[in-house]
Amino acid sequence: MISVKKRINQKKVEFGDFQTPIELAAKIVNHLKEMKITPASIIEPTCGTGSFIIASLKSFSDAKILGFDVNSKYINSLSEQLTQDNTSKRVELHQADFFKTDWQEKIRELTEPVLILGNPPWVTSSGISVLGGTNIPEKCNIYSYQGLDTKTGKSNFDISEWMIIELLKALNGHLGTLAMLCKVTVARKILMYAKKEKLMVFSSKIHLIDAKEYFDASVDACLFICNLRPESHNYYSQVYEKFDSTNPIQEIGYIDERMVANISLYKKWKHLLGEGTYVWRSGIKHDCARVMELKRKENRFLNGFGTNVTIEDDYIYPMLKSSDLANDRTKNIERWMIVTQKSIGEDTSTIQQKAPLTWEYLEKNAHLFENRASSIYWNRPQYSIFGVGSYTFSPWKVAISGFYKDLKFRLIGPFEKKPVVFDDTCYFIPAKSLEEASMLHSILNHPIAHEFYHSFIYWDAKRPITKQILQQLDLKKLCPEIGYPRLLDFK
Ligand SMILES: C[S@@+](CC[C@H](N)C(=O)[O-])C[C@H]1O[C@@H](n2cnc3c(N)ncnc32)[C@H](O)[C@@H]1O
């Protein structure tokens, strides 16, 4: 049976119930004042215990303030607290479910300029469904929002993203400002949505927030401020390191039909865009690490269950993970991977004859392969893997981790006369010789290549470096730029 404490915690997560400290709310409201935002009406759509309402009462002395929250306890205690305060006659509180509220109608009734202010719940739809929760929009057109996320095609989305988009749509066409705490990724998606739907954004900016300090959360958070004015269409957004920073650290935005992480670097190096002659590859995907990845200790192989594994040499290769590449632990390789195929879809039954011990080991663990959740393994030969091809067996490679916040390309050569393979969090370019790999290594680590990539990389993303980003730099165009005209000799 689930304990009361656990149930309370689950509810807290489902409703993203992490209240903003009053100091932060006050800082935000002061900042808005400094920006000369003078609202006639303020909406706090998920006001909770009311930090933003209390801060607004102090700083915006004339505005009418409307506060909403689904939790009646918060509404009742806040209203009790406010009755002791004379100024609070300007405040109207309502217990209301965000998803059942007609925000367009609410905003239409208000005097402009309108300020929408707050901190909507930070929880994802899949996080809620894991908890068996119901705090998601009933008829949400997730897929049209997720159309923004075409790369992953995932149906998971942030509840706050959904809420902020609803609020922006309702504010569209009015004179107003939206200032909300959210994840940085959410702010970016909203900017993309605004562009896609041609919302009337006059200006926007992102102030990074130390979520650890204020919420004890390890998440890249920000205050997203978006000013709306009729007939304005500006989809660039300045990013500031803190509240008090006066100079932006970068400007992100929509340009040339793409979302860019640094507009000035993008403009500087966009002539290097192209498909190029080299193809970036991902490491091997097998979803069965405890069986396929072995640690070598004193000439013995141990699998992820700590079991001794005795197999032939034919199918095992030295391997590096993201963390090895990021931390330059590339010389003394201890981990090995069983690579069951030379190309995608290759018949694996031949392993039985070629390497009977390997086959026996795989057969013993067959159930773990069968339990792999991803549908990519369905109707494929047994023990199939992905991210494999002739490039996997190139002796030389230039590789990078997709997960780490560091743009360091590593030169990787054979280990014990075998090509080194990578897990699927790494990307690499295969090379035929040390000379070719050295050249690729040096041009990719050139400051111009780094600046080019910086124009596309969002360092707060879970996987900041992607194959798609890496592929955009045309190495052929980069070479003359850095006085390295010999690239063409290799291709
Ligand atoms: C991150 S807290 C922030 C509270 C407050 N805005 C603040 O900044 O302190 C999120 C709030 O959203 C409320 N909430 C969650 N789901 C809601 C919904 N469907 N409708 C209205 N409020 C909701 C929670 O009760 C909680 O108070």
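Residues numbered from 1 in each chain as written. Predicted model: local features only at pLDDT ≥ 70, side-chain atom pairs only at ≥ 80, totals over all residues. Heavy atoms only, no water.

A. Highlighting helix H8 (residues 159-171). Taking 1.5 Å of rise per residue, the 13 residues of H8 would be expected to cover 18 Å, and the 18 Å separating its terminal C-alpha atoms lies within 8% of that figure. Among all positions of H8, only Ile-159, Ser-160, Glu-161, Trp-162, Met-163, Ile-164, Ile-165, Glu-166, Leu-167, Leu-168, Ala-170 and Leu-171 are buried. Among the residues trailing H8, Gly-173 stands out with phi positive, at a value near 95°. (Helix = DSSP H or I, 4+ residues; strand = E, 2+ residues; numbered from the N terminus. Expected span 1.5 Å × (residues − 1). Buried < 20%, exposed > 50% of the residue type's maximum accessible area, 1.4 Å probe, protein only.)

B. Quick look at helix H9 (residues 184-196). Compared with the 18 Å implied by 1.5 Å per residue over 13 residues, the 19 Å span of H9 between its first and last C-alpha is a close match. Regarding H9, the residues found buried are Val-184, Val-186, Ala-187, Arg-188, Ile-190, Leu-191, Tyr-193 and Ala-194. A positive phi of about 50° marks Lys-198, the residue just after H9.

C. Geometry of the sheet that holds strand E13 (residues 300-302). Strand order in the open sheet made by the six strands is E14-E13-E12-E16-E15-E19, with mixed pairing throughout. This sheet does not close on itself; its edge strands, each paired only once, are strand E14 (308-309) and strand E19 (421-422). One ladder, built from two bridges, connects E13 with E14; its direction is antiparallel. Its bridge partner being in E14, Phe-301 is matched across the sheet by Val-309. (Pairing = 2+ DSSP bridges.)

D. View of the site of the ligand. Near the ligand, the surroundings consist of 23 residues, among which Thr-20, Glu-44, Thr-46, Asp-69 and Phe-98 are the closest. Side-chain polar atom of Thr-20 to an oxygen atom of the ligand: 2.4 Å apart, as the coordinates give it. At 2.7 Å, a backbone N or O of Phe-98 approaches a nitrogen atom of the ligand. Burial of the ligand by the protein chains amounts to 99% of its free accessible area of 590 Å². When the residues that make up the shell around the ligand are grouped by side-chain class, the tally is eleven nonpolar, eight polar and four charged. (Near = heavy atom within 4 Å. Polar contact = N/O pair within 3.5 Å; in protein donor to acceptor, adjacent residues only side chain to side chain. Areas by Shrake-Rupley, 256 points an atom, 1.4 Å probe, with all protein chains shown as cover. Nonpolar A, V, L, I, M, F, W, Y, C, P; charged D, E, K, R; others polar.)

E. Up close: the pattern of salt bridges. Following the criterion strictly, the structure yields 18 salt bridges and no others. Between Asp-158 and Lys-183 there is a salt bridge, and its shortest N-O distance comes to 2.6 Å. Placement of the pair is Asp-158 in the loop between helix H7 (142-146) and H8 and Lys-183 in strand E5 (residues 176-183), with a sequence separation of 25 residues. Accessibility assignment for this pair places Asp-158 and Lys-183 in one class, buried. For Asp-256, the salt bridge goes to Lys-270, with nearest N and O atoms at 3.0 Å. A residue pair is termed long-range when its members are at least 10 positions apart, and Asp-256 in the loop between strand E9 (250-255) and strand E10 (258-260) and Lys-270 in the loop between helix H11 (263-269) and strand E11 (281-282) qualify at 14 residues. One network of salt bridges, in which partners are shared, links Asp-324, Arg-329 and Arg-335. (Salt bridge = Lys/Arg side-chain N within 4 Å of Asp/Glu carboxyl O.)

F. Quick peek at the packing of helix H3 (residues 51-59) against helix H4 (residues 72-83). Viewed as axis vectors pointing N to C, H3 and H4 meet at an angle of 25°, and their least axial separation amounts to 11 Å. Taken together, H3 and H4 sit at an angle that is classed as roughly parallel. The way H3 lies across H4 gives a crossing that is right-handed. Mapping the contact onto sequence places Ile-53, Ile-54 and Leu-57 in H3 and Leu-78, Gln-81 and Leu-82 in H4. Classifying every residue of the contact of H3 with H4 gives five nonpolar, one polar and no charged. (Axes fitted to C-alpha atoms, helices over the stretch in contact; angles between N-to-C directions. Parallel < 35°, antiparallel > 145°, perpendicular 65-115°, else oblique. Left-handed = near helix turned anticlockwise from the far one by under 90°. Contact = heavy atoms within 4.5 Å.)

G. Here's a closer look at the nonpolar core. By size, the foremost hydrophobic cluster in this structure holds 47 residues, and its most contacted members are Ile-116, Leu-178 and Phe-224. Listed by contribution, the elements that provide at least two residues to this core are strand E2 (64-69), helix H5 (103-108), strand E4 (114-118), H8, E5, H9, strand E6 (201-209) and strand E7 (221-228). Per-element accounting of this core gives the leading share, nine residues, to H8. Leave out the neighbours within four places in its chain, and Leu-178 touches Ile-116, Ile-164, Leu-167, Leu-168, Leu-171, Phe-224, Ile-225 and Cys-226. (Core = buried A, V, L, I, M, F, W, Y, C linked by side-chain atoms within 4.5 Å.)

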